[in-house]
Amino acid sequence: MALLISIAALERGSVTLSGELTPDELGFDLRDPCFEAHQPLRYELTAQIMGPEVFVEGALSTVFRCQCVRCLAAFDLPMEIKPWACLIPILGEDALPLVNESVDLTPQIREDSLLALPQHPLCGPECPGPPKPRSDSSGPDGPSGQKPRITTAWSVLDTLNLE
Ligand SMILES: [Zn+2]
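To continue, consider the coordination of the zinc ion. For the zinc ion, the full set of protein donor atoms is C68 (SG), C71 (SG), C123 (SG) and C127 (SG), and the range of their distances to it is 2.3 Å. Coordination geometry of the zinc ion: the 4 donor atoms subtend angles of 106 to 112° at the metal centre, consistent with an arrangement described as tetrahedral. The class of C71 is partly exposed, set by a relative accessible area of 25%. Look at C123 and you get partly exposed, because its relative accessible area is 38%.

And the structure:
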């Protein structure tokens, strides 16, 4: 079931909605392998007609299963969009098609939830990344490359002090 608000109900006044949408109902198309929607999305919304549009405001929340882009560990990422609001045109050229004489909020909720996801999910701000493979890169060479110069500088000072 999509999240529908009947126009007839809206014409009588504001409509309050709360409940859950499963990932299947939302139709998440998560092409990004870093994310998985496995929990329902909770919504608490109030909708009312404002001129040619339906104005919806409230809150959305869910938990995504993510894979950290650094260490590849799976972790839960809570998402809360509060306040959330949208305007759905029901009259005029921009009007969205009605479903059973109702406004369908599902596409808007899906889109805004996906926009709220981080581009590069991290399990934590301090994620150290994957366990380091033995480093035989130029890392240790940097400091040791400078050492002779430092030693020389000190040797020169020593010499000066002695004289
Ligand atoms: Zn991580």
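All of the buried residues in helix α3 (residues 106-115) are T106, I109, D112 and S113. Burial along α3 is one-sided: seen end-on, the buried residues are contained in an arc of 140°. Contact partners of the buried residues in α3: β2 (15-21), α2 (23-26), β4 (41-50), β5 (53-67), β6 (74-89) and β7 (102-104).

All right, on to the confidence of the model for the protein then. Overall, the prediction assigns the protein a mean pLDDT of 85, with 81% of residues at 70 or greater. Low confidence marks residues 144-150, where pLDDT is under 50. Its contacts with residues over four positions away, or in another chain, come to 0 contacts.

Rules and cut-offs
Residues numbered from 1 in each chain as written. Predicted model: local features only at pLDDT ≥ 70, side-chain atom pairs only at ≥ 80, totals over all residues. Heavy atoms only, no water. Donors = N, O, S within 2.8 Å, 3.2 Å for Na, K, Ca; no water. Tetrahedral: all angles 85-135°; square planar, octahedral: opposite > 155°, others 65-115°. Buried < 20%, exposed > 50% of the residue type's maximum accessible area, 1.4 Å probe, protein only. Helix = DSSP H or I, 4+ residues; strand = E, 2+ residues; numbered from the N terminus. Arc of directions from axis to C-beta. Contact = heavy atoms within 4.5 Å. pLDDT = per-residue confidence, 0-100.

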